[in-house]
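A structural walkthrough
Each chain, letter by letter, is given below.
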There are 2 protein chains.
Amino acid sequence: MDYQRYATTLKAMSDPSRLQIIDMLSCGSLCACDILPHFKFSQPTLSHRMKILQEAGIISTTKKGKWHYYALNDEFISNFNQSAQTLFDDGPNCACHQGCVS
Amino acid sequence: MDYQRYATTLKAMSDPSRLQIIDMLSCGSLCACDILPHFKFSQPTLSHRMKILQEAGIISTTKKGKWHYYALNDEFISNFNQSAQTLFDDGPNCACHQGCVS
DNA sequence: TCCTTAGATAGATGAACGTCAATATAATTT
DNA sequence: AAATTATATTGACGTTCATCTATCTAAGGA
């Protein structure tokens, strides 16, 4: 499995407010102006955070008029669940397949 | 859901080598001296990383003679999977339950 | 055209993180 | 007891990260 790629995804998620944003997006898309009032940080900080989520492949942006709508990527969720399963199941990188006695 | 707690877990996981260590432990326990040769970093760095994983509740340590054995915590895996499901499913913090139109 | 609103970008600053060399501790072996 | 092996701790240093203020762009409305 691609540890680097999965680590990048996890790092983008590893923040309480980014998790809350993901939770908020789990039933539909929202624009930044809907998200911002739920948090204490500034607008540039939200913009920065959304960029992190986007670069990690977690969300996508679509533009409508002057609003930018953010939505969770479906592949993100399925990739995430699959990576978790691969990680926790016995696999080729698992210790017991490399000659170690556990 | 407890975003802070879940974020702490994800942050501890959000590193390629720590993911690889979790993968190695997914079928049994290992001591540090079994893990270290798989990586390029030094022994103190491994010790530091194991402490991060332990403080996040991901692994537990048991001492046998001069060896410290590390093992994944069962609750970690079940908590992780449950948190993921809670996050991605519609829930009370989801946008559509807070008066936003998506 | 000017003003307002939504959002992004730039640059600065302080905090957190990863790493290593050196050293400490603890168990084992000789 | 002295040497060795396994691991942890300390302290330092450089890097990355989160945040802010200020500014910029783009779209809409007066």
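Reference entry: report on the structure contained in this document. (Residues numbered from 1 in each chain as written. Chains lettered and ligands numbered in written order. Predicted model: local features only at pLDDT ≥ 70, side-chain atom pairs only at ≥ 80, totals over all residues. Heavy atoms only, no water.)

It is worth spelling out the protein's contact with DNA strand C at this point. Inspection of the region around DNA strand C gives 23 residues, with Cys 33, Gln 43 and Ser 47 of chain A together with Thr 45 and Arg 49 of chain B positioned closest. For DNA strand C, the backbone makes up 75% of the atoms found within 4 Å of the protein, where backbone means sugar plus phosphate. In this structure, a phosphate oxygen belonging to DNA strand C sits 3.2 Å away from a side-chain N or O atom of Arg 18 of chain B. A distance of 2.8 Å is found between a phosphate oxygen of DNA strand C and a side-chain nitrogen or oxygen belonging to Thr 45 of chain B. Secondary structure elements with two or more residues in the surface near DNA strand C: helix H3 (32-35), helix H4 (43-55) and strand S3 (67-72) of chain A together with helix H4 (43-55) of chain B. Its residues placed into classes, the surface near DNA strand C shows nine nonpolar, seven polar and seven charged. (Near = heavy atom within 4 Å. Polar contact = N/O pair within 3.5 Å; in protein donor to acceptor, adjacent residues only side chain to side chain. Helix = DSSP H or I, 4+ residues; strand = E, 2+ residues; numbered from the N terminus. Nonpolar A, V, L, I, M, F, W, Y, C, P; charged D, E, K, R; others polar.)

If you look at the interface, chain B gives 40 residues, while chain A gives 40 residues. Across the chain B/chain A interface, buried area totals approximately 3500 Å², and carbon plus sulfur atoms make up 70% of it. Secondary structure elements with two or more residues in the side of chain B that touches chain A: helix H1 (3-13), helix H2 (16-24) and helix H5 (74-88) of chain B. For the side of chain B that touches chain A, the leading source of residues is H5 of chain B, giving eight residues. Here the side of chain B that touches chain A is built from residues that sort into 22 nonpolar, 12 polar and six charged. (Contact = heavy atoms within 4.5 Å. Buried area = accessible area lost by both parts, 1.4 Å probe.)

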